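Below, each chain spelled out in residue letters.
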Amino acid sequence: MIPAPFEYVAVDSLDEAIRELSEGGEDVKLLAGGHSLVPLMKERLAAPARLVDIRRVPGLHGIERENGTFRIGAMTPHRKLEFSPELGLVSEAAGTIADPQVRHRGTIGGSIAHADPASDLPAVLLAAEATITVQGPGGQREIAIADVAVDYLETSLADDEVLTEIRLPALEGYGFGYEKFNRRAEDWAMVAACALVKVSDGTCEDVRVGLTHMAGVPLRASAVEGALRGQTLDRETIAAAAEQAAEGTDPPGDLNATPEYKSHLARVLTRRALETAAGLTT
Amino acid sequence: MSTVESEATTQNGHVGRSLRRKEDPRLITGQGIYVDDIQLPGMLHAAIVRSPEAHATITSIDVSAALARDDVRAVMTGEDLAEDLEAPLAMLWAPPGTEIKAPEHWPIARGKVGYVGQALAIVIGDDRYGVVDAAEEVIVELEPLPVVVDVEKALEDEIVVHEEIGTNKAFEWSLPGGDVDAGFEEADVVVERRIVNHRISGSPIEPRGTVADYRAGELTLWTSTQIPHIVRLVLSMQTGMPEDKIRIVTPEVGGGFGAKLQQYHEETTLAVCAKKLGRPIKWVETRSEHMTTSHHGRDQVDYVKIGAKRDGTITAIHSKIIQDLGAYHMLLTPLIPALGSFVMSGCYKIPNVRTDIVGVFTNKMSTDAIRGAGRPEATHMIETIVDALAVELGMDPLELRRKNFIPKEDFPAEIPIGIVYDSGDYEGSLDKLLGMIDLDGFRSEQAELRERGIYRGVGFSTYVEICGLAPSRAVGPSGLGIQGGFWESAIVRVHPSGSATVYTGASPHGQGHETGFAQIVADRIGIDPQQVDIVHGDTGAGPMGMGTYGSRSLAVGGVSAAQAAEKVADKARRIVAHQLEAAPEDIELAEGSFRVKGSPDQGMTLAEVAGAAYVPENLPDGMEPGLEETNFYDPENFVWPFGAHACFVEVDVETGKVQVYRYVAVDDCGPAINPMMIEGQVHGGIAHSIGQALYEQVVYDDDGQLATGNFVTYALPTANEIPEFETDRTETPSPTNELGVKGVGEAGTIAATPAIVGAVVDALRPLGIDFLNMPLTPMRVWQSIQEAQERGEGPRATEQGRDLPAEARDSAGSGPTIPPGQEPGPAHGGGAA
């Protein structure tokens, strides 16, 4: 790897990290697992002047349950999520990220802050209605995950804020399904769909569908959700609802997928994810 | 068929065993030395400034900012090096009997560029990072010219790649046998297809790299290549440095796949600059550079037409190959489609065969030998068209094959184009394959699963390769016209204490020569393979040699090593006979001893013989001391490996995704030297074919910009995408050489693509699909299903491939599926935050 020249510092505290960011402005980048930023630097598509490595900062690692919420440290690697089955959908999706090496290094916070619309976790967290905690020079604030990604690789975090924690509702009683489509097992999602379903007395009390890589940001398939809420979840109902999965999306085309094909995939994957979430798979 | 018995299998027993590879311990413990591991005192580093335009006139190159940096020692452009070069980059084959148009191709561009990535300048400085930074400071002004990337558009000559030539058509060449027109007249059924065999990259795990060191009037060049001796010869012609003052060393080479069967401009430029600066220089290719400027392979549009009688007897096959050459000829660029033409009739007895080749320039990287080189294209054509013919005739595709196989008793079999297939048993390998797969069971399972919406299919390939390149008289200047001979050399040197070193002109890059050659030699001189070291890839050690490619190392280099070893054994027998007062013909080699027949306790070990040879107190009169022999072996014919493959796939018809869930291969490369290494070669080759058939494609957009510059966009398959392989062999010895061996390095890559594509077509036939072009990406498969559904019940076989809907016939070449600039960012790299 031959990146453009850069400085590197590994900080020991959150305050130090925030100070580095405040003083350095937009030329300073936080380094978490490095599995998105470093490849960009290798291609010289990103050339930060200074990297601030936060791996030594205490308090950013691990998963704790607090009443109905999981508190997940921003530096928690995907591998840890993958082997925490109590996280349900998040655990399942984390297990599909790239390969084991990447999952050992890549972090949930890095994935959110990098805001790549092809990443697995942002749409999953969107469906789960998680919140994130960020800390900056002025203190701490919470942001609903729906308000984090604003565009391709762009978030509502200020340049001097550090993402510290993800708060994930435990979502007890929900069934879930995750359908990721890619060419090779380790590729980013061409499209992915996740579903969370809560059924009581035979009808769908709550349903959330998240879509990955169907726009510059993760999306909820709200038309699908609307069509299913309050309904009996059988195959026909789900199939009919899933036909609306691509409504309101703006999928970016690439070498291997036109927007039309991606829309088709979104419908198929949404149906499959819902069937799994509703326990209808054979 | 010949009854040549491999002497090797009957002697001393090392040949034929799955010996563990001698090279592996050092490779898997990180002790191998590759080019990038080489550090020399005072060594500088180089980076290449490359063209961002596919076709442009060079207006100016301003190197002043780069040169002003403290860490930069020199920046050289094409003009700066003009004085130092006596010849441009080499093209070693021109089609005989016809004119070939060849633009001058200098190591660094002069005046204009013809493809993205063409070198514009070299920056040399103190460290690897600094030179890359400095390269960004070289200011190049280019005046863009119109670009042509589609090979059939290029044939129209509306946009011309080389204005001085005036046409994109570089050459036309035909290889006829029999009378195809008469053959088609005779036919009751004619089937045609337009097959696009798309562009792929070699993609070895180790990219290329070169270190040049010029001191005391001699150049030493470490380079990651398959052909060190040819690099030396060509480099000598380009630079004017005498051949004896150039030493080429290939340390470990981490894969080649044809991409290193080349003499590249960086080798020339580094050699010249090292001499000018008086300092060693290193350049190591990045992965993106490999994708951009290491030569590509394939990129043909093939019109293939087959004629047959109602009973299935094939009367004629004609193919027109439109070969995308890229912007320049490189070492063997025009030869590649010609190599395919030799096996255009496959393993079938077809009386009338004709291949017409047209080579066409485009504004892309050159094509040349990659992963099978010409023969995979031919196999894909013939096997695909035979499958289509079977459908048209309403015949079982395997029965159609059997009906037309060259029968076992016909070998050696001269085919209509005038060459002789050495030996074969095509029914035998197909029978063995069918014994492994339970085809009837599959067919009933397939029908049952279709009822449930699960689409599975099976595809077959019965193939023959032309390997063991090459009999020099056939391919040399007065034959096919290659400017060289294609023999191989070996020295077997027995040391005074009885161990041996073998110097071979073959140049392995992963194949396992150090093990296989040691087995061959050890058996012949009565020692253990562990006592036989193989030295290769150093022009300063050992005789001139031709390198490793075209599945030639064993069938040519291995035979040379065997013959050199036999000469050593002969001398040993004479020494032993002299010392034991017996006749040389009464000395046999058995149980590690050269002993008198009938008196097993009377004998000498090789160590004892070597002792006698190097302390020559008691040698036969007139015998030279020492125990070392040299051999040069030029084969009398090619060798013709063959086999039968079956691929099983499941297609998700909702998404178009194809999964290969079973792959069974029966290959025949003659008697096995090391069965385990054969399996490894077959596995790698099939994996590459799965890559080409389903995943990999080099894509240029309409502006000639490369859209697949890394392993994110260029989808090399990983272990996840590759099934377990089931392999077996038949052994039909070649009469061409005394080992009976045929070579196996390219078997998988030559055989497998039609089996994979055929399996997908078989799976989707109920949906109206009867033809698909590679690569079978999920979107292409899905779109083909949609189109087949839209046109209703699909026709069983179209008369004319070009009438197929656009998507079914289009492949790369015509650019990506979306306008440039809309692809997602490079962050999508098999990685995550």
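Residues numbered from 1 in each chain as written. Chains lettered and ligands numbered in written order. Predicted model: local features only at pLDDT ≥ 70, side-chain atom pairs only at ≥ 80, totals over all residues.

Is there a simple way to think about the overall build of chain B in this case?
Along the backbone of chain B there are 22 helices and 28 strands. In terms of overall size, chain B behaves like a compact globule, its C-alpha atoms giving a radius of gyration of 28 Å where 833 residues would be expected to give roughly 28 Å. Out of the 833 residues belonging to chain B, those deemed buried represent 60%. The contacts in chain B between residues at least 6 apart in sequence include a share of 81% that link residues at least 24 apart. (Helix = DSSP H or I, 4+ residues; strand = E, 2+ residues; numbered from the N terminus. Rg over C-alpha atoms; globule rule 2.2 N^0.38 Å. Buried ≥ 20, exposed ≤ 12 C-beta atoms within 10 Å, placed from the backbone. Contact = placed C-beta atoms within 7 Å.)

Got a minute to help me understand the nonpolar core in this structure?
When a protein is soluble and globular, its nonpolar side chains tend to lie buried together. Residue and element names in this part refer to chain B. V123, V521 and V760 are the most contacted members of the largest nonpolar core, which totals 335 residues. Here this core takes 13 residues from helix α17 (residues 553-580), the largest share from any one element. Setting aside anything within four residues of it in sequence, one finds V760 in contact with G457, V649, V651, V658, L772, L776 and V781. (Core = buried A, V, L, I, M, F, W, Y, C linked by C-beta atoms within 7 Å.)

Just to check I follow, could you spell out helix α13 (residues 426-437) of chain B for this structure?
Side chains that are three or four residues apart share a direction in an α-helix, a result of its 3.6 residues per turn. All names here are of chain B. Compared with an ideal rise of 1.5 Å per residue, which puts 12 residues at 16 Å, α13 spans 17 Å between its outermost C-alpha atoms and is within 8% of the ideal. Check the buried side of α13 and you find it contacts α12 (397-404), β18 (455-464), β26 (642-652) and β27 (657-668). Just beyond α13, the residue with positive phi is D438, at close to 50 degrees. (Expected span 1.5 Å × (residues − 1).)

Explain the domain arrangement of chain A to me, please; I cannot follow it from the model alone.
For interface size, the figure often reported is the accessible area lost on association. Residue and element names in this part refer to chain A. Along its sequence, chain A is carved into domain 1 (7-53), domain 2 (63-169) and domain 3 (176-277). When each unit is reduced to the centre of its C-alpha atoms, the spacing between domain 2 and domain 3 is 20 Å. Between domain 2 and domain 3, the contact holds 20 residues from the first and 20 residues from the second. Looking at the side of domain 2 that touches domain 3, the elements that each hand over two or more residues are α4 (89-94), α7 (120-128) and β8 (149-151). A breakdown of the residues in the side of domain 2 that touches domain 3 according to their chemical character gives 14 nonpolar, 2 polar and 4 charged. (Domains from an automatic or database assignment. Nonpolar A, V, L, I, M, F, W, Y, C, P; charged D, E, K, R; others polar.)

When you look at the packing of helix α19 (residues 675-695) of chain B against helix α20 (residues 747-764) of chain B in this model, what are you seeing that I'm missing?
What describes two packed helices is the angle between their axes and the distance between those same axes. All names here are of chain B. The geometry of α19 relative to α20 is characterised by a closest axis approach of 7 Å and an angle of 45 degrees between their N-to-C directions. As summarised for this structure, α19 and α20 are arranged oblique, according to the angle between their axes. Pair α19 / α20 crosses with right-handed handedness. Between α19, through Q681, V682, G684, G685, I686, H688, S689, I690, Q692, A693 and L694, and α20, the contact on the second element is made entirely by A747, G748, T749, A752, T753, I756 and V757. Its residues assigned to classes, the contact of α19 with α20 shows 9 nonpolar, 9 polar and no charged. (Axes fitted to C-alpha atoms, helices over the stretch in contact; angles between N-to-C directions. Parallel < 35°, antiparallel > 145°, perpendicular 65-115°, else oblique. Left-handed = near helix turned anticlockwise from the far one by under 90°.)

Honestly, the interface of chain B and chain A in this entry has me stumped. Any pointers?
At the junction of the two partners, chain B supplies 34 residues and chain A supplies 41 residues. When residues of the side of chain B that touches chain A are traced back to their parent elements, those giving at least two are α4 (128-135) and α21 (778-790) of chain B. A class-by-class count of the residues in the side of chain B that touches chain A yields 17 nonpolar, 12 polar and 5 charged.

Help me out: how do you make sense of the pairing of strand β6 (residues 131-136) of chain A in this one?
The side chains of a regular strand alternate, residue by residue, between the two faces of the sheet. Residues and elements named next belong to chain A. Of the strand pairs in this sheet, β6 and strand β7 (residues 139-144) are connected by 6 bridges, and their pairing is antiparallel. Counterpart to I132 in the pairing with β7 is I143. Linking β6 to β7, which pair antiparallel, is a turn of 2 residues. Where β6 and strand β10 (residues 162-169) come together, 5 bridges link them in antiparallel fashion. Bridging from a neighbouring strand, T131 pairs with R167 of β10. (Pairing = 2+ DSSP bridges.)

How do you make sense of the sheet that holds strand β14 (residues 219-220) of chain A when you look at a structure like this?
Backbone-to-backbone hydrogen bonds join strands into a sheet, with any given pair of strands oriented parallel or antiparallel. Residue and element names in this part refer to chain A. Spatial ordering of the open sheet is given by β11-β12-β13-β14, a layout of 4 strands whose pairing is antiparallel. Here the strands that pair on one side only, and so sit at the sheet edges, are β11 (175-181) and β14. Strand direction decides the pairing type here: strand β13 (residues 203-212) and β14, joined by 2 bridges, are antiparallel. Looking at β14, one finds that L211 is bridged to L219. Against the sheet, α7 makes contact with β11, β12 (191-200), β13 and β14, and its axis sits at roughly 155 degrees relative to β13, the strand it touches most. Here helix α10 (residues 259-277) sits on the sheet and contacts β11, β12 and β13; the angle it forms with β12, its principal contact strand, is near 35 degrees.

Where do I start with α4(B) in this structure?
Every buried residue of α4(B) is listed here: V131(B), V132(B), D133(B), A134(B) and A135(B). Packing partners of the buried residues in α4(B) comprise β1 (44-50), α3 (64-68), β3 (72-77) and β5 (119-125) of chain B.

Please explain the packing of helix α9 (residues 235-242) of chain A against α10(A) as it appears in this structure.
All names here are of chain A. It is at 8 Å that the axes of α9 and α10 come closest, and there the two elements cross at 145 degrees. As for how α9 packs across α10, the hand of that crossing is right-handed. Judged by residue contacts, R235, I238, A239 and A242 of α9 engage R267, T270, R271, L274 and E275 from α10. Looking at the contact of α9 with α10, its residues break down into 4 nonpolar, 1 polar and 4 charged.

Is there a simple way to explain the sheet that holds β26(B) in this structure?
Residue and element names in this part refer to chain B. Overall, mixed pairing links the 4 strands, which are arranged β18-β26-β27-β28 in an open sheet. Looking along the sheet, the strands with just one partner apiece sit at the ends: β18 and β28 (725-729). Across the sheet, the mean angle from the axis of one strand to that of its neighbour is 15 degrees, orientation sign disregarded. Sitting on the sheet, α20 touches β18, β26 and β27, and the angle it makes with β18 is about 150 degrees.

Would you take a moment to explain the environment of D133(B) for this structure?
Checked against the element boundaries, D133(B) lands in helix α4. Each C-alpha atom of the pair D133(B) and A66(B) lies 8.6 Å from the other, and the pair is 67 residues apart in sequence.

I would appreciate a short explanation of the environment of L85(B) in the present structure.
All names here are of chain B. Secondary-structure assignment places L85 in the loop between β3 and β4 (112-113). L85 sits in the partly exposed class, given 19 other C-beta atoms within 10 Å. Distance in space between the C-alpha atoms of L85 and N720 is 48 Å, their sequence separation being 635 residues. If we skip the residues at most four places from it in the chain, L85 touches W106, Q238, T239 and V272.

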